[in-house]
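Architecture at a glance
Given next are the chains, with one letter for each unit.
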Amino acid sequence: MSVFLGTHQNRLDAKGRVSIPSAFRATLRTLSRAGEPLVIMRPSHLHPCLEAWPSASFSALARPLDEVDIFSEDHDDLATALYADAYPLDADKEGRILLPETLRAHANLSEQVTFMGLGRIFQVWDPDAANQRRAEARARARAITSGRKTAASPPEGSA
């Protein structure tokens, strides 16, 4: 199973280069095909962070667009949101990628960045925003799951 796990922090240099954590690079290489970029980076629609997609996963993300009339405003809006700010990136010999200024600005990235694994993709955050997001996500996850019974829970009225 090739998924992105964990949270890692790395330094962003003055030129906008950052090293992808080695575990994430290994997963990207496992998922990549010859002739494709290592990763597709794009701004998140929901959060002030960047999303990093393996090429095949990004292609799957775009597939539903084929069902929308190509001459419609909906298609134009969705295609613009998906493709216009997406960047195919390859790592250099040191495992670094160069983040375009528009992406760095979207995520408010400066000297340190946090990589958060989300299974099939990973995100790149400002460290303080990443900590806040993780806390919010854990709280929401507790709320989502608090009403569910687990297999180990005793039936109501027993105990």
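An unreviewed UniProt entry annotates the protein as Transcriptional regulator MraZ originating from Gluconacetobacter entanii. Note on the protein: under the UniProt heading Subcellular location (unreviewed entry), the record states "Cytoplasm, Nucleoid".

1. With respect to the overall build of the protein
Secondary structure assignment for the protein yields 5 helices and 8 strands. Across the protein, helices and strands are ordered from the amino to the carboxyl terminus as β-β-α-β-β-α-α-β-β-α-β-β-α. Each principal axis of the C-alpha atoms in the protein carries an extent, and together these give about 60 × 45 × 30 Å. Every one of the 159 residues in the protein was classed for burial, and the buried ones make up 36%.

2. Section: a negative patch on the surface
On the surface, Glu73, Asp74, Asp76 and Asp77 cluster together to form a negatively charged patch. Relative to the helices and strands, Asp76 is located in helix α3 (residues 73–83). Residue Asp76 is classed as partly exposed on the basis of its relative accessible area, which comes to 48%.

3. Concerning helix α5 (residues 127–146)
Its 20 residues give α5 an end-to-end C-alpha distance of 28 Å, which sits within 8% of 28 Å, the value for a rise of 1.5 Å per residue. In this structure Asp126 caps α5, since a side-chain oxygen of it lies 3.2 Å from the backbone nitrogen of Asp128.

4. Brief notes about the environment of Met116
Its location among the elements puts Met116 in strand β7 (residues 112–117). For Met116, a relative accessible area of 6% translates into the label buried. Those residues in contact with Met116, other than ones at most four positions away along the chain, are Gly6, Thr7, Phe24, Phe122, Gln123, Trp125, Ala130, Arg133 and Arg134.

5. A short note on the UniProt feature "domain: SpoVT-AbrB" (unreviewed entry) in the protein
Cross-referencing UniProt, the feature "domain: SpoVT-AbrB" (unreviewed entry) maps to residues 7–57 and 86–129 in the present numbering. For the annotated span residues 86–129, helix accounts for 20% and strand for 36% of the residues, and the straight-line distance between the end C-alpha atoms is 21 Å.

6. Here we look at the environment of Ser72
Among the structural elements, Ser72 can be located in the loop between α2 (55–62) and α3. Look at Ser72 and you get buried, because its relative accessible area is 19%. As a C-alpha pair, Ser72 and Ala135 span 63 residues in sequence and 40 Å in three-dimensional space. Polar side-chain contacts of Ser72 include one of 2.7 Å to the backbone oxygen of Asp69.

7. A word on unusual backbone geometry
Residue Asn108 is not a glycine yet carries a positive backbone phi of 55°. Secondary-structure assignment places Asn108 in the loop between α4 (101–106) and β7.

8. Description of the packing of aromatic side chains
Taken as a whole and assessed by the stated rule, the structure comprises 6 aromatic pairs. Consider the rings of Phe4 and Phe24, whose centres lie 5.4 Å apart with planes at 80°: the pair is edge-to-face. Of the two residues, Phe4 sits in the segment before β1 (7–11) while Phe24 sits in helix α1 (residues 22–31), which places them 20 residues apart along the sequence. The exposure classification of Phe4 matches that of Phe24, with both residues buried. A ring pair is formed by Phe58 and Tyr83, whose centres lie 6.0 Å apart and whose planes are at 70°; its orientation type is edge-to-face. Within this pair, whereas Phe58 is found in helix α2, its partner Tyr83 is found in helix α3, the two being separated by 25 residues in sequence. You can call Phe58 buried: its relative accessible area is 8%. Overall, the relative accessible area of 42% leaves Tyr83 in the partly exposed class.

Rules used throughout
Residues numbered from 1 in each chain as written. Predicted model: local features only at pLDDT ≥ 70, side-chain atom pairs only at ≥ 80, totals over all residues. Heavy atoms only, no water. UniProt positions renumbered as here; feature names shortened; annotations may be inferred. Helix = DSSP H or I, 4+ residues; strand = E, 2+ residues; numbered from the N terminus. Buried < 20%, exposed > 50% of the residue type's maximum accessible area, 1.4 Å probe, protein only. Patch = residues over 30% accessible without salt bridge, like charges linked within 9 Å, V, L, I, M, F, W, Y side chains within 5 Å. Areas by Shrake-Rupley, 256 points an atom, 1.4 Å probe, with all protein chains shown as cover. Salt bridge = Lys/Arg side-chain N within 4 Å of Asp/Glu carboxyl O. Lys, Arg positive; Asp, Glu negative; His and termini not counted. Charge placed at Lys NZ, Arg CZ, Asp CG, Glu CD. Expected span 1.5 Å × (residues − 1). Polar contact = N/O pair within 3.5 Å; in protein donor to acceptor, adjacent residues only side chain to side chain. Contact = heavy atoms within 4.5 Å. Phe/Tyr/Trp six-rings, centres within 6.5 Å; stacked < 30°, edge-to-face > 60°.

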